[in-house]
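Understanding the architecture of this molecule
So the chains spell out like this:
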Amino acid sequence: MQTSFLSQQFNAVFLAENFTACPANATICDGTSCVLPEDTFNQTLSVVLSTVLTIMLALVMFSMGCNVELKNFLGHLKRPWGIFVGFLCQFGIMPLTAFLLSLAFNVLPIQAVVVMIMGCCPGGTASNVIAYWVDGDMDLSISMTTCSTVFAMGMMPLCLFIYTKMWTDSNAIVLPYDSIGVSLVSLIVPVSFGIFVNHRWPTKAKIILKIGSIVGAVLIVLIAVVGGILYKGSWVITPKLWIIGTIFPAVGYVLGFFLARVAGLSWQRCRTVSLETGFQNTQLCSTIVQLSFTPEQLELMFTFPLIYSIFQLLFALILLGGYRLYKKHCMKTNTDVEKTNTDVEKTNTDVEKTPEKEDSKSSAKVNGGFVSDTMK
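Residues numbered from 1 in each chain as written. Predicted model: local features only at pLDDT ≥ 70, side-chain atom pairs only at ≥ 80, totals over all residues. Heavy atoms only, no water.

Looking now at the overall build of the chain. A tally of regular secondary structure across the chain gives 16 helices and two strands. Looking at the chain residue by residue over its 376 residues, the buried ones come to 45%. When contacts within the chain are restricted to residue pairs at least 6 apart in sequence, long-range pairs at least 24 apart make up 80% of them. (Helix = DSSP H or I, 4+ residues; strand = E, 2+ residues; numbered from the N terminus. Buried < 20%, exposed > 50% of the residue type's maximum accessible area, 1.4 Å probe, protein only. Contact = heavy atoms within 4.5 Å.)

This is how it looks when you write it as structure tokens:
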């Protein structure tokens, strides 16, 4: 089997890079490659939290849909320049970046594959929440997330076939089309309801949006914390993957922003495309690697999606904080300057509108001229 061969071939290299001893309760232990026994508490917690998080995510996407104008949303689909730029970022920049990072750090083939899988995943729904907080184009954000999930059906196999041939047989990677389909349905259905509510009851939609944006921010942090708790036994991996997991999302944000700017998009849409590029569907990546590789191989790679999710959130919060500071100080100063200019223009206009009668009277008095009865 191809995957077993990879595990045996590079086991010696992995042992040389990792020096942490196996836990005493490990059921399978080969040097430092260990598999811990199944934890029934974690299984129960996983089921409960998955249910709660799914419901919360649906509510958040419903609230995000309440900020989408149907006319603008359809306009993006009819004139899809912004969506096309996002497509180039999502399935052009990200897979290529993953490939170059894997080569630059010379990671094991099985680890390079998981980096590639992450780079080929569609955008995550958390980007919609952050896009709202940075005053992004929500119509573009929702349409990009939806389209990238649809395009992933064909683009993920194509990108993985192109980039992973040098490391493994692409047929060894199992793409869970059912999971992609579920992600698509869980995105489209609540957003559609939100768009409908915004169309019929715009005042109520604004209230729902404010509540949903707060819940969404809490949900993003909660998902990261839950991932750390449920998979606490998988944090022992090579430092190279930690470095890649730190660099990768940052590169996605930066390159996505600059490509959008070069394409002539507005600053608002540049922020949106940037977030849609850097934010990946890490849950889908975790599902793919679990379906595709053996427990021994998972020890070499499973933590990477968790690392990526943490740093993509961390950098997104840094961007959010920087934008809020800019908006509070720089935009306020610009507004004050514009207000001062407006007041000056208004004053000049009032001066120009001084009644001609007063000018005539003052001129006559100074010059000793005659003032007619009509001017008195």
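There is more to say after this.
Let's shift gears to the packing of helix α5 (residues 81-105) against helix α8 (residues 138-163). Where α5 contacts α8, the axes come no closer than 9 Å and their chain directions differ by 40 degrees. In terms of axis orientation, α5 runs oblique to α8. Considering the relative orientation of α5 and α8, their crossing is right-handed. Listed contacts from α8 to Gly 82, Ile 83, Gly 86, Phe 87, Gln 90, Phe 91, Pro 95, Leu 96 and Phe 99 of α5 are Leu 140, Ser 143, Met 144, Cys 147, Ser 148, Phe 151, Ala 152, Met 155, Cys 159 and Tyr 163. (Axes fitted to C-alpha atoms, helices over the stretch in contact; angles between N-to-C directions. Parallel < 35°, antiparallel > 145°, perpendicular 65-115°, else oblique. Left-handed = near helix turned anticlockwise from the far one by under 90°.)

Taken as a whole, this structure holds two salt bridges when the rule is applied. Across the pair Arg 269 and Asp 137 runs a salt bridge, and its minimum N-O distance is 3.0 Å. One end of the pair, Arg 269, is in helix α12 (residues 267-278); the other, Asp 137, is in the loop between α7 (126-133) and α8, with 132 residues separating them in the sequence. (Salt bridge = Lys/Arg side-chain N within 4 Å of Asp/Glu carboxyl O.)

We now examine the state of the cysteines. A full pass over the atoms with the stated rule returns zero disulfides. Cysteine Cys 121 is unpaired, with the sulfur of Cys 285 as its nearest cysteine sulfur at 4.7 Å. (Disulfide = S-S within 2.5 Å.)

On to the UniProt feature "transmembrane region" (unreviewed entry) in the chain, then. When the UniProt feature table is mapped to this numbering, "transmembrane region" (unreviewed entry) covers residues 45-63, 83-105, 112-134, 140-163, 175-195, 207-229, 241-260 and 300-323. Along residues 112-134, the helical share is 74% and the strand share 0%, with 33 Å between the first and last C-alpha atoms. Taken as a whole, residues 140-163 contains 100% helix and 0% strand, while its terminal C-alpha atoms sit 29 Å from one another. (UniProt positions renumbered as here; feature names shortened; annotations may be inferred.)

Turning next to the nonpolar core. Grouped together as the largest cluster of nonpolar side chains are 39 residues, with contacts concentrated most on Ile 117, Met 156 and Phe 248. Of all elements in the fold, only α5, α6 (109-120), α8, α11 (239-262), α13 (282-292) and α15 (304-352) reach the threshold of two or more residues within this core. Among the elements that line this core, the one with the most residues is α6, at nine residues. Not counting the four nearest positions on each side in its chain, Phe 248 is found in contact with Met 94, Thr 97, Ala 98, Leu 101, Val 115, Met 118, Gly 119, Phe 304 and Tyr 308. Val 60, Ala 131, Val 134 and Leu 209 belong to the second-largest nonpolar core, a separate cluster that totals 25 residues. (Core = buried A, V, L, I, M, F, W, Y, C linked by side-chain atoms within 4.5 Å.)

Another aspect to go through is the packing of aromatic side chains. Counted by the stated rule, this structure contains 12 aromatic pairs. On the numbers, 6.0 Å between centres and 90 degrees between planes, the contact of Phe 257 with Phe 258 is edge-to-face. On the basis of relative accessible area, Phe 257 is assigned to the partly exposed category, the value being 22%. The exposure class assigned to Phe 258 is exposed, which follows from its relative accessible area of 51%. An aromatic cluster is present here, built from Phe 87, Phe 91 and Phe 151 joined pairwise through their rings. Above the face of the Phe 161 ring, Lys 165 is positioned so that its terminal group lies 5.2 Å from the ring centre. The ring of Trp 201 has Arg 200 sitting right over it, with the charged end atom 5.2 Å from the ring centre. (Phe/Tyr/Trp six-rings, centres within 6.5 Å; stacked < 30°, edge-to-face > 60°. Lys NZ or Arg CZ within 6 Å of the ring centre and 35° of its normal.)

End to end, helix α9 (residues 177-200) covers 34 Å across 24 residues, agreeing with the expected 34 Å (1.5 Å per residue, within 8%). The complete set of buried residues in α9 reads Ile 180, Gly 181, Leu 184, Leu 187, Pro 190, Val 191, Gly 194, Ile 195, Val 197 and Asn 198. (Expected span 1.5 Å × (residues − 1).)

In the Ramachandran plot, Asn 106 falls in the positive-phi region, its phi being about 50 degrees despite a non-glycine side chain. Looking at the element boundaries, Asn 106 is found in the loop between α5 and α6. At Asp 135, a residue that is not glycine, the phi angle is positive and equals roughly 60 degrees. Looking at the element boundaries, Asp 135 is found in the loop between α7 and α8. By relative accessible area, which is 25% here, Asp 135 ends up partly exposed.

This next bit is on the environment of Leu 320. With respect to the helices and strands, Leu 320 occurs in helix α15. Counting along the chain gives 190 residues from Leu 320 to Ile 130, while the straight-line C-alpha distance between them is 7.4 Å.

Turning our eyes to something else, we now look at the packing of α7 against α8. Two elements in contact, α7 and α8, have axes separated by 10 Å at closest approach and are oriented at 170 degrees. Our classification of the angle between α7 and α8 gives roughly antiparallel. The segment α7 lies against α8, with Ser 127, Asn 128, Ala 131 and Tyr 132 engaging Met 138, Ser 141, Ile 142 and Thr 145. Classifying every residue of the contact of α7 with α8 gives four nonpolar, four polar and no charged. (Nonpolar A, V, L, I, M, F, W, Y, C, P; charged D, E, K, R; others polar.)

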